[in-house]
Structures are given as structure tokens and as C-alpha cells.
Amino acid sequence: KNLKITTKKKVVPNVVDTSLFSVNEEKKNEFVFIHVSNLIPRKNSDKILNTAIRLLKKGHQFKLQLGGDGTQQTIENLKKTAIESGFQDKIEIFGMQSIQEVAERMKRSDCFILFSNDENQPCVIAESFASGLLVISTNVGGVSEFLPENFGILLDFPNENLLEEAMVNILNGEVQHHRNALQSYAERTFSVEKIGEQYSEIYADILKK
């Protein structure tokens, strides 16, 4: 306002280097859920793990990859929980990853889980779409603005029962979308080229005024 800019405001999403992520068309024997974050408490990685263990105990068939750049103690606690559950063959806990390693893990997965108490507009969801993954996420921050219908499931809050229900729905195929459609959306919405175009248009509109 101080600069006398009067053009209409527009939300520009976070940018993702979509060239790093790709869709795996090969059929896998087992469904894979994945969660990657900095593993701080408000990301609720422990609740994701607990929910997955409950579903495995009920006989659901899937694998879980969970990790990120959390503290060594956090990672050790998660590993201990996985081992004590008896499902360590179904659960992989990992530490810090490069972006290339994250991309490879996503390529081998089917659905990303984000179970945060709060967020802004997470790049990791855009990366998931670029990899052809469905998304389960709490409906926080700007998540809902860039999660089209049938691209995943939004949860009202980080409740383990809600997450369990959503994971079962995903496993049962109640949310389906072609992987290439997810990737195309990411390319149109979050790629370096498209975000650059949006900023260029905004600057041009401002200068016209």
C-alpha cells in the first residue's frame, strides 16, 4: 500500500524442480505409504507410525517409509517402536536424505502422508504430485488451495482415527487418479517455468499501473 501498488493480489504457490521427480509406471507387489519431514513434534511422525502399526495388526497389507532430518534420538525412538511392533519388515525408518534420494523414494511409493498440526503450503505435497502420488494431509495452512478433488484426502485435524480411516480408503482404492494426471498438475502448477511466468506477469501488471 505504501508503494501505491493497486493490482489485484494473487497467490503464487511454492516452486518445485519437477525435473527431479518422475512417475514410476511399474506395478509393485505392495502398496507403499511415505512420510518425509524434519520430524519435529508438530509433524506427528510418531502418530503416523502408530496408526500404520495398528492397521498392520488388523491385517492390512502395505509398507511404510518414514523419516527425514530429525534428531538422532527421534529417529532412534521411531526405529525402536517399529522393531517392538514386530513389523520391521514392513516399516523403514530413515534419516536425512538428499533431494535426489527423496525423489527416488517417492518414485517407489503410492501415497504421501502429511499429518502436521500446522503448515504453510508444503513443497513436499507438490513433490508428491510430481511423482504421481496421492496425498493424505491435515487441512491446515494453504494445503487445500492446491490439493484438487480426487488427488487425495484432507483430514480436519491430526486425529489418528481419521488417519486410519483415510489410509484404509486409499488402500481400498476409493480415491483413484492416474499418476500422469497428478504429475501433469504439478508441472502446470509448481514447475520452475510456470512459477517464473506467474511472477513475470505480476511484475508486468504492477509496472503498467
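For the structure itself, consult the block above.
Described below are features of the structure shown in this document. (Residues numbered from 1 in each chain as written. Predicted model: local features only at pLDDT ≥ 70, side-chain atom pairs only at ≥ 80, totals over all residues. Heavy atoms only, no water.)

### Let's talk about the state of the cysteines
Stage number 1. Summed over all chains, the structure comprises zero disulfides.
Stage number 2. Cysteine C111 remains unbridged, with the sulfur of C123 as its closest cysteine sulfur at 19 Å.
Stage number 3. The buried category is assigned to C111, whose relative accessible area is 0%. (Disulfide = S-S within 2.5 Å. Buried < 20%, exposed > 50% of the residue type's maximum accessible area, 1.4 Å probe, protein only.)

### Brief notes about the sheet that holds strand β3 (residues 91-94)
Stage number 1. The sheet built from six strands is open, its strands ordered β3-β2-β1-β4-β5-β6 with parallel pairing. Two strands lie at the open edges of the sheet, namely β3 and β6 (152-155), each paired on one side alone. Taken over all neighbouring pairs, the strand axes of this sheet differ in orientation by 15° on average, direction set aside.
Stage number 2. Across four bridges, the pairing between strand β2 (residues 63-68) and β3 is parallel. Residue pairing for β3: G67 is matched across the bridge by F94.
Stage number 3. Here helix α5 (residues 160-171) sits on the sheet in contact with β1 (32-37), β4 (111-114), β5 (134-138) and β6, set at roughly 170° to β6. (Pairing = 2+ DSSP bridges. Helix = DSSP H or I, 4+ residues; strand = E, 2+ residues; numbered from the N terminus. Axes fitted to C-alpha atoms, helices over the stretch in contact; angles between N-to-C directions. Contact = heavy atoms within 4.5 Å.)

### Some remarks on the packing of aromatic side chains
Stage number 1. Scanning all chains against the criterion turns up seven aromatic pairs.
Stage number 2. Ring geometry for F31 and F33: centres 5.0 Å apart, planes at 55°, overall tilted.
Stage number 3. Ring centres of F33 and F62 lie 5.4 Å apart, and the angle between their planes is 85°; on these two criteria the pair is classed as edge-to-face. Within this pair, whereas F33 is found in strand β1, its partner F62 is found in the loop between α1 (45-57) and β2, the two being separated by 29 residues in sequence.
Stage number 4. Residue F33 is classed as buried on the basis of its relative accessible area of 0%.
Stage number 5. Take F62: its relative accessible area is 0%, and that puts it in the buried class.
Stage number 6. Through a chain of ring-to-ring contacts, three or more aromatic side chains come together here, namely F129, F146, F151, Y185 and F190. (Phe/Tyr/Trp six-rings, centres within 6.5 Å; stacked < 30°, edge-to-face > 60°.)

### Here's the deal with the pairing of β2
Stage number 1. Within β2, five of the six residues are buried, which leaves the element mostly enclosed by the surrounding structure.
Stage number 2. In this sheet, β2 lies alongside β1 in parallel orientation, the contact comprising six bridges. Counted as the bridge partner of F33 is L64 from β2.
Stage number 3. Remark: the β1/α1/β2 crossover connection has right-handed handedness.
Stage number 4. What joins β2 to β3 is helix α2 (residues 72-85), and the crossover it makes is right-handed. (Right-handed = clockwise from strand over helix to strand, strands pointing away.)

### A short note on the pattern of salt bridges
Stage number 1. Tallied over the entire structure, the rule returns eleven salt bridges.
Stage number 2. E92 serves as the salt-bridge partner of R105, at 3.1 Å between the closest nitrogen and oxygen. One end of the pair, R105, is in helix α3 (residues 99-107); the other, E92, is in strand β3, with 13 residues separating them in the sequence.
Stage number 3. With its nearest N and O atoms 3.8 Å apart, the salt bridge here joins E197 to K194. With E197 and K194 both in helix α7 (residues 192-208) and three residues apart, this pair spans about one turn of that helix.
Stage number 4. For E197, a relative accessible area of 34% puts it in the partly exposed group.
Stage number 5. Taking the relative accessible area as the measure of exposure, K194 reaches 31% and is therefore partly exposed.
Stage number 6. When salt bridges that share partners are traced, they join R54, K58, E160 and E164 into one network. (Salt bridge = Lys/Arg side-chain N within 4 Å of Asp/Glu carboxyl O.)

In short, geometric facts, not functional conclusions.
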